[in-house]
Amino acid sequence: MNNPLKTLLRLLPVVCLLCCTVTLHAQRVDTVEVFSPSMRKPVKNLVITPADYDRQPGKRWPVVYLLHGYNNRYDGWLRKTKPELPASATAFGMIFVCPDGAASWYWDSPVDSLSRYETYVSRELTAWVDSHYRTVADPGGRAVTGYSMGGHGALWLAFRHPDLFGACGSMSGGVDFRPFPQNWKIREQLGEYADNPQRWEEHTVLSQLYRVAPVTDRSREVATGRPAPTDYTTEPGQLAIIIDCGTEDYFYEVNRTLHERMTYFHIAHDYIVRPGSHTHAYWRKAVDFHLLFFRRFFDEQAARRQAAAETEPRTHAASR
């Protein structure tokens, strides 16, 4: 007669191997190169899919773009900031995309014609991801956040491209870098601050608030002192915004200023202040708040799409 305990012990290594194999397949991390026509070069990115992605071939998933900071690269989120990202993709039910942003601050540089990371992330990469993965390919299923340089980049991209991003966030974001004119190779992107103060001002997140200021009791022109762009498409409440910064961070004051101006202009946003400084340890915790915020946004948008889909047949039936 076989001993059940011995049989179980013999099978245990096989069971463990199978479990490891399933985990590796379930939480997939793809390193992909996407060619950028605007920069005439390939750019590396990480794409992290949740555990159920392959098991639910008919489902489309929301996407969060995670932007790294200065002196980092596309895999920095996984190596330094949040090694648990694959598990987070499964827990929150979303795809993560981590692009390489070099030291670009995610602008299309007015100085370097081959540094066009705004175009790359907002147009070229999003189109590639939507064509190669099963995504919710509209603003209701797409968000962007980041830390430091990437926090600036996330707000910059979302404010300027509300047709692509429905939600955005910033952790310790360099939302106004003018107090630091010698730092982080910004001069290579914008020129010297002393020679180009207006250009530097125009490339801060603070200068872009007119794009998301709601038209309520005062027009965008009155609220910001500048005319609205002719291609303005943002509707009040369209962009969901979360901002996070530690009290010991050197970007704390500029983030507080951003919060105060957004409040003055009636721009809805969540603003989180916690003890902490400009570190990966701070961002490792902060990103969970952002993902929870985005999950709620995605769920609200999905419910609206479902309600619209259910209403449409009744509307057609009534019109016949």
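For the structure itself, look to the data block above.
Residues take numbers from 1 onward in each chain, read along the sequence in its written order. Selection of residues for local features in this predicted model requires a pLDDT of at least 70, selection of side-chain atom pairs for listing and counting requires 80 or more, and totals for whole chains, interfaces and linings are taken over all residues. Side-chain calculation: all heavy atoms of the structure are included, whereas hydrogens and water are not.

Please set out the sheet that holds strand 4 (residues 95–99) residue by residue, giving values where relevant.
Strand pairing is assigned whenever DSSP detects at least two bridges linking the two strands. Numbering of helices and strands runs from the N terminus; a helix is a DSSP stretch of H or I covering at least four residues, while a strand is a stretch of E covering at least two. Read from one edge of the open sheet, 8 strands run 1-2-4-3-5-6-7-8, paired in mixed fashion. The open sheet is flanked by strand 1 (29–36) and strand 8 (270–274), the only strands paired with a single partner. Across the sheet, the axes of successive neighbouring strands diverge by a mean angle of 20°, strand direction being ignored. Against the sheet, helix 4 (residues 117–132) touches strand 1, strand 2 (41–48), strand 3 (63–67), strand 4 and strand 5 (142–146), its axis set at about 120° to strand 1. With respect to the sheet, helix 9 (residues 252–264) is in contact with strand 7 (240–246) and strand 8, its orientation differing from that of strand 7 by roughly 150°. Every axis in this analysis is a line fitted to C-alpha atoms, fitted for helices over the stretch in contact. Angles between the N-to-C directions lie between 0 and 180 degrees. The contact criterion used is simple: two residues touch if any of their non-hydrogen atoms lie within 4.5 Å.

Pulling in residues and values, what's your account of the nonpolar core?
For our purposes a nonpolar core is just a set of buried Ala, Val, Leu, Ile, Met, Phe, Trp, Tyr and Cys residues, chained together by side-chain atoms within 4.5 Å. Relative accessibility under 20% of the residue-type maximum defines a buried residue, over 50% an exposed one, and the middle range a partly exposed one, all with a 1.4 Å probe and only protein chains included. In terms of nonpolar packing, the biggest core is built from 54 residues, with Phe-159, Ile-241 and Leu-258 touching the most fellow members. If one sorts the elements of this core by residue count, helix 5 (residues 149–160) sits on top with 7 residues. For Ile-241, the residues in contact, after removing those within four places along its chain, are Leu-155, Phe-159, Cys-168, Met-262, Ile-267, Ala-268, His-269, Asp-270 and Phe-293. Membership of the second largest hydrophobic core comes to 28 residues, among which are Trp-77, Ala-240, Ile-272 and Tyr-282.

Can you tell me about the pattern of salt bridges, naming the residues and giving the values?
In what follows, salt bridge is the name for a side-chain nitrogen of Lys or Arg lying within 4 Å of a carboxyl oxygen of Asp or Glu. In the structure shown here, the tally under the stated rule is 17 salt bridges. In this structure, Asp-108 and Arg-116 form a salt bridge, with 3.3 Å as the shortest nitrogen-oxygen distance. Note on Arg-116: relative accessible area 28%, which makes it partly exposed. Taken together, the salt bridges that share partners define one network made up of Arg-28, Asp-30 and Asp-54.

I'd love a proper account of the side chain of Asp-176, names of residues and values included.
Looking at the secondary structure, you find Asp-176 in the loop between strand 6 (167–171) and helix 6 (186–190). A polar atom in the side chain of Asp-176 sits 2.9 Å from the side chain of Arg-178. Each residue touching Asp-176, except ones within four places of it in the same chain, is listed here: Thr-204, Leu-206 and Val-254. Pairs of N or O atoms are called polar contacts if they sit within 3.5 Å, as long as, within protein, a hydrogen donor faces a hydrogen acceptor (for residues adjacent in sequence, only side-chain-to-side-chain pairs).

In short, geometric facts, not functional conclusions.
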